[in-house]
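# Fold and geometry: a report
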Amino acid sequence: MSRVQTLIVEEGDGDQRLDRWFKRMFPLISQGRIEKMCRKGEIRVNGGRVKGSTRLEVGHEVRIPPLPDVEAPPPPKRTRVTDADAKFIRSCVIYRDDHVIALNKPPGLPVQGGSGQSDRHVDALAEALMFDLDEKPRLVHRLDKDTSGVLIMARTRSVAAALTASFRHRETRKIYWAAVAGVPHPKHGQIKFGLMKAGGHGARGEGEKMVAVHPRDVDSTEGAKRATTDYAVLAQAGTRTCWAALIPVTGRTHQLRAHMAEIGHPIVGDGKYGGSGQDNMGDGWGAQLGGDISKKLHLHARSLTIEHPVTKASLNLVAPLPDHMQRTWETFQWSPSDVPADPFEEDWG
């Protein structure tokens, strides 16, 4: 058993979660043990109680309680990325320089592992994206498993800190494309329903979803957080469905999906928030269109504009539609060349 010690967060280790920093420093200590020590106040930062999600900064003093010599068996050896998987993840690269790398993440591929997830996810496959560097790219933001599109990663720790700060301070512009059931009115608008988590049914909260809260009730509802989404209708197929551009002004879990469902226009293929129906039963359209239209989620992170963390130039990343959405677009004769790159800055419609 070790003694109590105090460690200083060093240059290059700042702007990361406490639990991830702790795992790097003490790889044999389990995530569960870290969380327990936080709950009991055994791990402290600058003398204060913390959570595993607390973000550390350079110079923070971390109290490390006595640790057993062996807390858990050594972690398994890193699984080698197969040649097929390496080829697959490299084919997703849409931009690369010495500092950042961007992917067009396919639908169905998780960004990270977790409860109920396989070991095949972007973070694991990133081993194949090192190219000429010694470090694997680091995640700085997330996309849902079934959402496709632009995912940017940092190739060094310092760049990761800069990109993470940009996302946290909303210094990015993210535009999503979606096919939604029905046609919102007005065709340009803003959704301001708050969101709160409703726990799932699994032992670890699997299946949890977000519940919308009216703006007037957010402040008085425990666990509710304000959320804002801008939308614009770009094209429509009668009144049955439309192509919408969406901007998540805030970045809440499942925000776009929950917001569109709440106003009666769920994203096509979103069984979690829109159900499996194809008809308007009086309380909004169901999330399926039927016929030859794919049942997969029709939500795509089309573009991301961000200041390059090193050159400071504006970096605009654009991802082509995934196959199932491309087929839907062709069915309705919707063409990306017919709409502006940023409809929110154009006199559109």
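Residues numbered from 1 in each chain as written. Predicted model: local features only at pLDDT ≥ 70, side-chain atom pairs only at ≥ 80, totals over all residues. Heavy atoms only, no water.

For the protein chain, an unreviewed UniProt entry supplies the name Pseudouridine synthase and the organism Sulfitobacter mediterraneus. Heading Function (unreviewed entry) of the UniProt record for the protein chain holds this comment: "Responsible for synthesis of pseudouridine from uracil." Per UniProt, the protein chain has the following entry under Sequence similarities (unreviewed entry): "Belongs to the pseudouridine synthase RluA family." (UniProt positions renumbered as here; feature names shortened; annotations may be inferred.)

## Some remarks on the layout of surface pockets
There is about 190 Å³ of room inside the second largest pocket. Lining of the second largest pocket is provided by 13 residues; of these, Ser303, Asn316, Val318, Ala341 and Asp342 occupy positions nearest its centre. Secondary-structure elements contributing two or more residues to the lining of the second largest pocket are β11 (172–181), β17 (299–307) and β18 (314–318). Tallied by class, residues from the lining of the second largest pocket come to seven nonpolar, three polar and three charged. (1 Å grid on protein atoms, 1.4 Å probe; cavity = no way out; pocket = protein on both sides within 12 Å on 5 of 7 lines; lining within 4 Å. Points joined across faces, edges and corners; volume = space filled by probe spheres on them. Helix = DSSP H or I, 4+ residues; strand = E, 2+ residues; numbered from the N terminus. Nonpolar A, V, L, I, M, F, W, Y, C, P; charged D, E, K, R; others polar.)

## Some details on the confidence of the model for the protein chain
Averaged over all residues, the pLDDT of the protein chain equals 87, while 88% of them reach at least 70. Scored below 50 in pLDDT, residues 70–77 shows eight contacts in the model against residues more than four places distant or in partner chains. (pLDDT = per-residue confidence, 0-100. Contact = heavy atoms within 4.5 Å.)

## Considering the packing of aromatic side chains
For any pair of aromatic rings, the description consists of the separation of the ring centres together with the inter-plane angle of the planes. Enumeration according to the criterion identifies seven aromatic pairs in this entry. Counting every residue linked through ring pairs, the aromatic cluster contains Trp177, Trp243, Trp329, Phe332 and Trp334. It is Arg120 that lies over the ring of Phe88; its NZ or CZ is 4.6 Å from the centre. One residue, Lys209, lies across the ring of Tyr273, its end atom 5.0 Å from the ring centre. (Phe/Tyr/Trp six-rings, centres within 6.5 Å; stacked < 30°, edge-to-face > 60°. Lys NZ or Arg CZ within 6 Å of the ring centre and 35° of its normal.)

## So, the UniProt feature "active site" (unreviewed entry) in the protein chain
Under the present numbering, the feature "active site" (unreviewed entry) in UniProt falls on Asp144. Mapped onto the elements of the fold, Asp144 is located in the loop between β9 (138–139) and β10 (148–154). The exposure class assigned to Asp144 is partly exposed, which follows from its relative accessible area of 25%. With near-sequence residues (within four places) excluded, Asp144 lies in contact with Lys105, His254 and Arg257. (Buried < 20%, exposed > 50% of the residue type's maximum accessible area, 1.4 Å probe, protein only.)

## Quick look at the nonpolar core
Judged by nonpolar contacts, the single largest core of 33 residues is most densely connected at Leu246, Ile267 and Leu299. There are two domains that each give this core at least three residues, and those are domain 2 (83–170) and domain 3 (175–332). Apart from residues lying up to four places away in sequence, Leu299 is in contact with Asp146, Thr147, Ser148, Tyr176, Trp177, Ala178, Leu246, Leu256, Arg257, Ile267 and Met325. Counting 16 residues, the second-largest nonpolar core is a separate cluster that includes Ile34, Cys38, Val45 and Leu56. (Core = buried A, V, L, I, M, F, W, Y, C linked by side-chain atoms within 4.5 Å. Domains from an automatic or database assignment.)

## Description of the environment of Tyr273
Inspection of the secondary structure assignment puts Tyr273 in helix α7 (residues 271–274). Measuring from C-alpha to C-alpha, the distance between Tyr273 and His254 comes to 9.4 Å, with 19 residues separating the pair along the chain. For Tyr273, the residues in contact, after removing those within four places along its chain, are Lys209, Met210, His254, Arg257, Ala258 and Ala261. Polar contacts involving the side chain of Tyr273 include one to the main-chain amide nitrogen of Met210, which spans 2.8 Å. A distance of 2.8 Å separates the side chain of Tyr273 from the side chain of His254, its partner in a polar contact. (Polar contact = N/O pair within 3.5 Å; in protein donor to acceptor, adjacent residues only side chain to side chain.)

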